[in-house]
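This is what each chain is made of:
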Amino acid sequence: MAPAKRELTFLLADPERRLLCAVAARLPAVVTPDHLTALGVLGALGVGAGYALSRNSAAWLWAASACFVVQWLGDSLDGTLARVRGAERPRYGYYLDHIVDAFSTAVIGVGVALSPYVNPCVALGVVVVYLALSINVYLESNVFGVFRLAYGRLGPTEVRIILIAANAVLALIAPGPSLYLVATATVALLGLAMVGMLGVRVAQNLLRLSREEPRLSVVAHPSPLTTTERLGISASA
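Let me sum up the structure you'll find in this document. (Residues numbered from 1 in each chain as written. Predicted model: local features only at pLDDT ≥ 70, side-chain atom pairs only at ≥ 80, totals over all residues. Heavy atoms only, no water.)

Points about a nonpolar patch on the surface
Then comes step 1: The grouping of Leu-11, Leu-12, Leu-154, Ile-161 and Ile-162 at the surface amounts to a nonpolar patch, some 430 Å² of accessible area in total.
Then comes step 2: Looking at where Leu-12 falls in the secondary structure, it is placed in the loop between strand 1 (5-7) and helix 1 (13-26).
Then comes step 3: Residue Leu-12 is classed as partly exposed on the basis of its relative accessible area of 31%. (Patch = residues over 30% accessible without salt bridge, like charges linked within 9 Å, V, L, I, M, F, W, Y side chains within 5 Å. Areas by Shrake-Rupley, 256 points an atom, 1.4 Å probe, with all protein chains shown as cover. Salt bridge = Lys/Arg side-chain N within 4 Å of Asp/Glu carboxyl O. Helix = DSSP H or I, 4+ residues; strand = E, 2+ residues; numbered from the N terminus. Buried < 20%, exposed > 50% of the residue type's maximum accessible area, 1.4 Å probe, protein only.)

Here is the structure:
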């Protein structure tokens, strides 16, 4: 099966691609794509731990933001390095990348749920919706042959930047009931927006597929004669 065509439409796609290619071209040969994938996993674990430890001190949010940068570097650079070196393994890379993405999303979501800023049920609910968005992308890549990572103009990189900015705001404000309510409501609204984006995208996909594969009309065939009817015809003959 040929790899799906990558369609990158999010805001920072072009500058990010140029930056990653420049970094990949300068990495020593000892560094492999698998090393970068492992770095991304460590970054995700650091983000989750930073959020969880923010119960003790808001300063851990700065550590979570730094780990977001590490996670972005590992997650985004592994495939770029393979392409720059002409060492792509499409099926292996596709499978490993998305398994790691699912694990990283879950780890970060659990960390947010353990923080003092957001209701755990709301945080984990958003994780479920994010994973559903990811699953839809994977299905699209197999059905349409196009890998569309972004929803609208927002992709994973933009989401990381938004979270880093939110961390900075939270780190500068003392935790309390009001902040908890505002943060929980904001995350809940974000989750609802994500559900809306997923619904629109699924509806668009189904409409396209229904046009490309219209429902076949069923041709009615005459029902076969019963044994009694066949005997009646034979008798009359």
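Topic: the pattern of salt bridges
Then comes step 1: Within the structure shown, the criterion is met by five salt bridges.
Then comes step 2: Between Asp-14 and Arg-17 there is a salt bridge, and its shortest N-O distance comes to 3.8 Å. Of this pair, Asp-14 and Arg-17 both sit in helix 1, three residues apart, which is roughly one turn of the helix.
Then comes step 3: On the basis of relative accessible area, Asp-14 is assigned to the partly exposed category, the value being 44%.
Then comes step 4: In this structure Arg-17 comes out as partly exposed when scored by relative accessible area, which is 42%.
Then comes step 5: Across the salt bridge formed by Glu-212 and Arg-208, the nearest N and O atoms sit 2.9 Å from each other. One end of the pair, Glu-212, and the other, Arg-208, are both in helix 7 (residues 177-212), four residues apart, so they sit about a helical turn from each other.
Then comes step 6: Residue class for Glu-212 comes out partly exposed when judged on its relative accessible area of 48%.
Then comes step 7: According to the relative accessible area criterion, Arg-208 is partly exposed, its value standing at 40%.

What to know about the nonpolar core
Then comes step 1: Within the largest apolar cluster, 16 residues are counted, with the highest numbers of intra-cluster contacts made by Tyr-51, Leu-61, Ile-108, Val-112, Tyr-117 and Val-118.
Then comes step 2: With sequence-adjacent residues up to four places away left out, Val-118 is seen in contact with Val-112, Ala-113, Ala-123, Tyr-180, Ala-183, Thr-184 and Val-187.
Then comes step 3: Counting residues in each nonpolar core, the second largest holds nine residues, with Val-126, Phe-147, Tyr-151 and Met-194 among its members. (Core = buried A, V, L, I, M, F, W, Y, C linked by side-chain atoms within 4.5 Å. Contact = heavy atoms within 4.5 Å.)

Thoughts on the packing of helix 3 (residues 60-84) against helix 6 (residues 156-172)
Then comes step 1: At their nearest, the axes of helix 3 and helix 6 sit 9 Å apart, and the two run at 170° to each other. When the interaxial angle is binned, helix 3 and helix 6 end up roughly antiparallel. Touching Leu-61, Trp-62, Ala-64, Ser-65, Phe-68, Val-69, Gln-71, Trp-72, Asp-75 and Ser-76 of helix 3 are Thr-157, Arg-160, Leu-163, Ile-164, Asn-167, Ala-168, Leu-170, Ala-171 and Leu-172, all from helix 6.
Then comes step 2: For the contact of helix 3 with helix 6, the residue count by class is 12 nonpolar, five polar and two charged. (Axes fitted to C-alpha atoms, helices over the stretch in contact; angles between N-to-C directions. Parallel < 35°, antiparallel > 145°, perpendicular 65-115°, else oblique. Nonpolar A, V, L, I, M, F, W, Y, C, P; charged D, E, K, R; others polar.)

Observations regarding the environment of Leu-96
Then comes step 1: Assignment of secondary structure puts Leu-96 in helix 4 (residues 90-114).
Then comes step 2: Owing to a relative accessible area of 25%, Leu-96 belongs among the partly exposed residues under this scheme.
Then comes step 3: Sequence separation between Leu-96 and Asp-34 is 62 residues, and the spatial gap between their C-alpha atoms is 9.3 Å.
Then comes step 4: Look past the residues within four positions of Leu-96 in its chain and what remains in contact with it is Asp-34 and Thr-37.

What to know about the layout of surface pockets
In this approach the atoms are scanned with a rolling probe the size of a water molecule, which exposes any empty space left behind.
Then comes step 1: Each pocket or cavity is described by its volume, and for the second largest pocket that value is around 170 Å³.
Then comes step 2: Every residue along the wall of the second largest pocket is listed here: Leu-12, Pro-15, Glu-16, Leu-19, Phe-68, Val-69, Trp-72, Thr-157, Arg-160, Ile-161 and Ile-164.
Then comes step 3: Sorting the residues of the lining of the second largest pocket by element identifies helix 1, helix 3 and helix 6 as the ones contributing at least two each.
Then comes step 4: Top contributing element to the lining of the second largest pocket by residue count: helix 6, with four residues.
Then comes step 5: Of the residues belonging to the lining of the second largest pocket, the class tally is eight nonpolar, one polar and two charged. (1 Å grid on protein atoms, 1.4 Å probe; cavity = no way out; pocket = protein on both sides within 12 Å on 5 of 7 lines; lining within 4 Å. Points joined across faces, edges and corners; volume = space filled by probe spheres on them.)

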